[in-house]
Amino acid sequence: MLFDIDDTLIDLASAQTVTFQETIARQTGQDLMSFDPATLAEATRYFARDLDGHYDRYVAGELDFLGQRLARVRGAMDVLGRNTAPDEQLWGETYERNVRARWALFDDVAPTLTWLDEHEVPYGAVSNNVEHYQRGKLAEVGLSWDIVVGTDTAGAPKPDPAPFLEGCRLLNCAPNDVMMVGDNPIADGQGALETGLTSVLVERPQPKSLRAAASVSAVSATAAGDRLDHATAPPGVHRITDLREIRRFVIGAETRV
């Protein structure tokens, strides 16, 4: 079994949204309560969801890691109507320290991994970030895995077949014997399916910090947008809302909770 990391195992979106709002308050010198809630929610969503694809530019080698973050900050500040250039120290070292402190596993991860261990199902991770950073992220939340495939070790990002095939090689399994579980309908869902793996999408809820900041209408629009994102996955990609549901896909596995 292969897992994506961000927003599949680790609740990165919640860590990002809280840290973004905390940092934008310091950047602008304003209390968060002084922002229009719907506008702040949209700016937060722009940053956390990377609506202009700046992270993809980082994966493609067009930007470095800090560069993609600063590009997302500039776009979010445009949403807020602020023209101030991002403070690189604030959005670099300070943001990184604070977001790392908020990385946490989703509640369904530990029982799922325990179940896999009990049933001797080998697993690893395939991520669209560099291997050493993602190994460090897993270590921060108490996971130390032998198999972690990054864009640098695979030579290409998902949905290219290379990361999935490298994960299968490290598991010593053929693709049709491996399940890929992720949250992105294209990078994870379609990529795994087209490489011959069983493809499963886990649909995670919006972060509480974003829901709290937005008006009811803004939250509804965001949630609808995320559902549409998942709808882009091709037929044959399975959907779950809790990682423990993967038990029903494991051949011969027990299904009791």
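Scope of this entry: the structure provided in the associated data block. (Residues numbered from 1 in each chain as written. Predicted model: local features only at pLDDT ≥ 70, side-chain atom pairs only at ≥ 80, totals over all residues. Heavy atoms only, no water.)

**Things to note about the overall build of the protein chain**
Right, so step 1: When its secondary structure is counted, the protein chain shows twelve helices and six strands.
Right, so step 2: Relative to its 257 residues, the protein chain shows a buried fraction of 52%.
Right, so step 3: A fraction of 66% describes how many contacts in the protein chain between residues 6 or more apart in sequence connect residues 24 or more apart. (Helix = DSSP H or I, 4+ residues; strand = E, 2+ residues; numbered from the N terminus. Buried < 20%, exposed > 50% of the residue type's maximum accessible area, 1.4 Å probe, protein only. Contact = heavy atoms within 4.5 Å.)

**Re the pairing of strand β4 (residues 179-182)**
Right, so step 1: Side chains Met-179 and Val-181 of β4 all project onto a buried face; the interleaved residues Met-180 and Gly-182 project onto the opposite face, where all are buried too.
Right, so step 2: Here strand β1 (residues 2-3) pairs with β4 via two bridges, running parallel. Note on β4: the bridge partner recorded for Leu-2 is Met-180.
Right, so step 3: The pairing of β4 with strand β5 (residues 198-202) spans four bridges and is parallel. (Pairing = 2+ DSSP bridges.)

**A few points about the packing of helix α1 (residues 12-28) against helix α2 (residues 37-49)**
Packed helices, taken two at a time, are described by their axes: the angle between them and the distance between them.
Right, so step 1: Running from amino to carboxyl end, α1 crosses α2 at an angle of 120 degrees, the nearest separation of the two axes being 10 Å. Regarding the angle of α1 to α2, the classification is oblique. Where α1 crosses over α2, the handedness of that crossing is right-handed. Residues Gln-16, Thr-17, Phe-20, Gln-21 and Ile-24 of α1 touch α2, and the partners they reach there are Leu-40, Ala-43, Thr-44, Phe-47 and Ala-48. (Axes fitted to C-alpha atoms, helices over the stretch in contact; angles between N-to-C directions. Parallel < 35°, antiparallel > 145°, perpendicular 65-115°, else oblique. Left-handed = near helix turned anticlockwise from the far one by under 90°.)

**Considerations on the sheet that holds β5**
Right, so step 1: Taken in spatial order, the six strands line up as β3-β2-β1-β4-β5-β6 in an open sheet, and their pairing is parallel. Only two strands of the sheet have a single partner each, and these edge strands are β3 (148-149) and β6 (238-240).
Right, so step 2: The pairing of β5 with β6 spans three bridges and is classified as parallel. Residue pairing across strands places Val-202 opposite Ile-240, the latter belonging to β6.

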